[in-house]
Amino acid sequence: MILATVSAVAVAVILLGFPLAFLGAQLVKDNELRELQIRATNIARAVEGRLGREDPVTPDVLEPYVGGEGRLGAYIEVVLPTGERVTAGEEVEGRRQMVGALGSSSNTLVYVYVPYWDLYLRSVQIIMLVVVAAVVALGASILVAIWQANRLSAPLLYLAASAEQIGSGQVRPRVEPSGVEEIDLVAAELVRSSDRLAQRLAVERQFSSDASHQLRTPLTALTMRIEEMALAAPDNEEIQEEARVSLEQVERLVTVVDDLLARTRRALGGNNEAVRLADIVNQQVEEWGPTFEALDRELVVDVDPATMVLATPGGLAQVLATLVENSLKHGGGTTTVRSRASGTSGAVVIEVSDEGPGVPDELAPHIFEREVTSGAGTGLGLALARDLAAADGGRLELSQRRPPVFSLFLSGVPKSLDPSVVLPVGSVVSSGWSRRRRPPT
């Protein structure tokens, strides 16, 4: 675009500007010569008038015609009918331009001389003026071309970044209007495609979550049942051997399920998106609030509505649900879910705490290990929650034992991903005959 605009202006300058410059220079030269001719004719008439009145012709009579404001300085020579010569002005040395006139009623000759280079300079000034105008026009065309190219390239670069986000798993990019109708149409189609992709990935995530719940629960129950059967007949070696073999088979099946779910999470990995934390937390309040009220307990939320984190909505919701459920089962008093910034790195910490007795010292080092439980549960909830947090690039830790505080560390949304920084909000171009512009927001 820059090359095309500058080339068009350059062609216009070459085809129109330069011929105009030479024509202007020639016109200036002709005007100056015409002015000298008029000056010589006027001198001849003045001299003849004085001769007719028998007045003397002196240099003082010729002095007013030597020069003046805006006129070239000239050397004037008058040859009277008697052969006498009268001059005025400084004699021109070197190359000069001469204009002459002859008296109408006498043989008076008038010669007007001007320096050739003074006359040439007047013509060159016009050429230089046109050259300066051409340079200004080229400079203005470059600035306009750069502005227009940036106006078109910036939204295109943003579309490329949005497409790259979709390819890397960021399936819900924010696309702001650019003010260019054709680019906005492409952006709208990109958003629709990302929505369809998000729906498909959401179905896959839901399937993974359902499979995790539907497969782990019966396997855990089966393990507990086999262990109970083995404990019921401690002296029967045949039953003990069958129980051992069955537990090994169940354990292998649990390992296969874990591998399949891990592969699913890896296949869906990189799907983190900008999630409004308050939406996920409020969803947990709606689900668990009635249960807390029924047990005469309170669920308090202290989350900034503007806080955004990079995570998968389903995984983050499951982690918070696990922490809230554990607080409901094992904790006491008020359960608080709060968020705060972590240092200057842009990370966000989500803390879930209650007023219960806390985590026993012997259980705390192993609380995130599988099958480690306080006695009520399967021991898989916190282990799965830590895996889900790690899949989102975060980590889940027990920050405090008494009272218990579980901390979920997640990455915040950097400013470089904010569309208002990458691409300022532009105006909307209507597709109708009359194009209206919306004022910037």
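Since we're looking at a predicted model, the values are computed, not measured. (Residues numbered from 1 in each chain as written. Predicted model: local features only at pLDDT ≥ 70, side-chain atom pairs only at ≥ 80, totals over all residues. Heavy atoms only, no water.)

## Describing the overall build of the protein chain
Condition: Helix numbering and strand numbering both begin at the N terminus, where a helix is a DSSP run of H or I of at least 4 residues and a strand a DSSP run of E of at least 2. Type-normalised accessible area, obtained with a 1.4 Å probe on protein chains alone, sets the label of each residue: buried when under 20%, exposed when over 50%, and partly exposed for intermediate values. Contacts between residues were defined by any pair of non-hydrogen atoms, one from each residue, lying within 4.5 Å.
Scanning the protein chain from terminus to terminus reveals nine helices and eleven strands. Among the 441 residues that make up the protein chain, the fraction classed as buried is 36%. Taking all contacts inside the protein chain whose residues are at least 6 apart in sequence as the whole, residues at least 24 apart take part in 66%.

## Focus: the environment of Val 9
Structurally, the position occupied by Val 9 is in helix H1 (residues 2–52). Distance from Val 9 to Ala 140, taken between C-alpha atoms, is 9.7 Å for residues 131 residues apart in sequence. Setting aside residues no more than four positions away along its own chain, Val 9 makes contact with Ala 137, Leu 138 and Ser 141.

## Regarding the nonpolar core
We count it as follows: What makes a nonpolar core is a set of buried Ala, Val, Leu, Ile, Met, Phe, Trp, Tyr and Cys residues whose side-chain atoms join them at distances within 4.5 Å.
Membership of the largest hydrophobic core comes to 37 residues, with the highest contact counts inside it found for Leu 316, Ile 350, Leu 396 and Leu 408. The set of elements that each furnish at least two residues to this core consists of helix H6 (277–294), strand E7 (308–311), helix H7 (313–330), strand E9 (347–353), helix H8 (381–391) and strand E11 (405–412). It is H7 that provides the largest number of residues to this core, a total of eight residues. Each residue touching Ile 350, except ones within four places of it in the same chain, is listed here: Leu 277, Leu 316, Leu 320, Val 337, Arg 338, Ser 339, Phe 406, Ser 407, Leu 408 and Leu 410. With 21 residues, the next largest nonpolar core counts Leu 36, Ala 44, Ala 74 and Ala 101 among its residues.

## Focus: the packing of aromatic side chains
Test applied: Only centres within 6.5 Å qualify two rings of Phe, Tyr or Trp (six-membered ring in Trp) as a pair; their planes then separate them into stacked at under 30 degrees, edge-to-face at over 60, and tilted for everything else. We call a charge positioned over a ring when the NZ of a Lys or the CZ of an Arg lies within 6 Å of the ring centre and within 35 degrees of the ring normal.
Taken as a whole, this structure holds three aromatic pairs when the rule is applied. Ring plane angle 25° and centroid distance 6.4 Å describe the contact between Tyr 111 and Tyr 113, whose orientation is recorded as stacked. Since its relative accessible area comes to 11%, Tyr 113 is described here as buried. For the pair Phe 368 and Phe 406, a centre-to-centre distance of 6.2 Å together with 90° between the ring planes defines the contact as edge-to-face. Here Phe 368, found in the loop between E9 and H8, pairs with Phe 406, found in strand E11; they are 38 residues apart in sequence, far enough to count as distant. Phe 368 gets classed as buried once you look at its relative accessible area, which sits at 14%. Geometry around Phe 368 places Arg 386 over its ring, the cationic atom sitting 4.0 Å from the centre.

## Here's the deal with the sheet that holds strand E1 (residues 75–79)
In plain terms, the rule: Should DSSP find at least two bridges between two strands, the strands are taken to pair. Throughout, an axis means a line fitted to C-alpha atoms (over the contacting stretch in the case of helices), and angles, computed between N-to-C directions, take values from 0 to 180 degrees.
Within the open sheet, the four strands sit side by side as E2-E1-E4-E3. Their pairing is antiparallel. The open sheet has two edge strands, strand E2 (85–88) and strand E3 (96–102), and neither has a second partner. Taking each pair of neighbouring strands and ignoring which way they run, the sheet shows an average axis angle of 15°. Where E1 meets E2, four bridges bridge the pair, whose relative direction is antiparallel. Its bridge partner being in E2, Val 78 is matched across the sheet by Val 86. Contacting E1, E3 and strand E4 (109–115), H1 runs over the sheet at an angle of about 40° to E3.

## Regarding the pattern of salt bridges
Keep this limit in mind: The salt bridge criterion pairs a side-chain nitrogen of Lys or Arg with a carboxyl oxygen of Asp or Glu, the two atoms within 4 Å.
All told, the structure shown has ten salt bridges when counted by the stated rule. Between Asp 361 and Arg 402 there is a salt bridge, with the nearest N and O atoms lying 3.0 Å from each other. Within this pair, whereas Asp 361 is found in the loop between E9 and H8, its partner Arg 402 is found in the loop between strand E10 (395–400) and E11, the two being separated by 41 residues in sequence. Take Asp 361: its relative accessible area is 40%, and that puts it in the partly exposed class. Within this structure, Glu 241, Arg 244 and Glu 248 form a network of salt bridges that share partners.

## Side note on the pairing of E10
One ladder, built from five bridges, connects E10 with E11; its direction is antiparallel. Directly across from Arg 395, in E11, lies its bridge partner Phe 409. Between E10 and E11, which pair antiparallel and follow one another directly, the connecting turn spans four residues.

## Some remarks on the environment of Leu 310
Locating Leu 310 in the fold gives a position in strand E7. When the C-alpha positions of Leu 310 and Glu 273 are compared, they lie 5.2 Å apart, and in sequence the two are 37 residues distant.

## Remarks on a nonpolar patch on the surface
Put simply, the rule reads: Patches in this entry comprise residues that are over 30% relatively accessible and not in a salt bridge; like charges within 9 Å are linked, as are nonpolar side chains (Val, Leu, Ile, Met, Phe, Trp, Tyr) within 5 Å. The protein chains shown are the only cover counted for residues, whose accessible areas, like all others here, come from Shrake-Rupley with a 1.4 Å probe.
Together, Val 11, Ile 14, Leu 15, Leu 16, Phe 18, Phe 22, Val 131 and Val 135 line one region of the surface with nonpolar side chains, adding up to about 780 Å² of accessible area. Breaking the nonpolar patch down by element, the ones donating at least two residues are H1 and helix H3 (116–167). Assignment of secondary structure puts Val 11 in helix H1.

## Considerations on unusual backbone geometry
Residue Pro 403 is bonded to the preceding Arg 402 through a cis peptide linkage, with omega at -20°. When you line up the elements, Pro 403 lands in the loop between E10 and E11. For Asp 296, which is not a glycine, the phi torsion comes out positive at approximately 60°. Turning to its location among the elements, Asp 296 is positioned in the loop between H6 and strand E6 (299–302). Asp 296 gets classed as exposed once you look at its relative accessible area, which sits at 72%.

## So, the confidence of the model for the protein chain
As a reminder of what qualifies: The pLDDT score gives, residue by residue, the confidence of the prediction method on a 0 to 100 scale.
Confidence in the prediction for the protein chain averages 77 pLDDT; 79% of positions are at 70 or higher. Highest mean pLDDT in the protein chain belongs to E6 (93); lowest belongs to helix H9 (residues 419–422) (43). A low-confidence stretch, residues 419–441 stays under pLDDT 50, and its non-local contacts, those more than four residues away or across chains, total 40 contacts.

## Some details on H1
Basically, it comes down to this: Multiplying one less than the number of residues by 1.5 Å gives the expected span of a helix.
If you check H1, its first and last C-alpha atoms are 72 Å apart, about what 51 residues at 1.5 Å a residue would give, namely 75 Å. Backbone geometry just downstream of H1 places Glu 54 in the positive-phi region, at approximately 60°.

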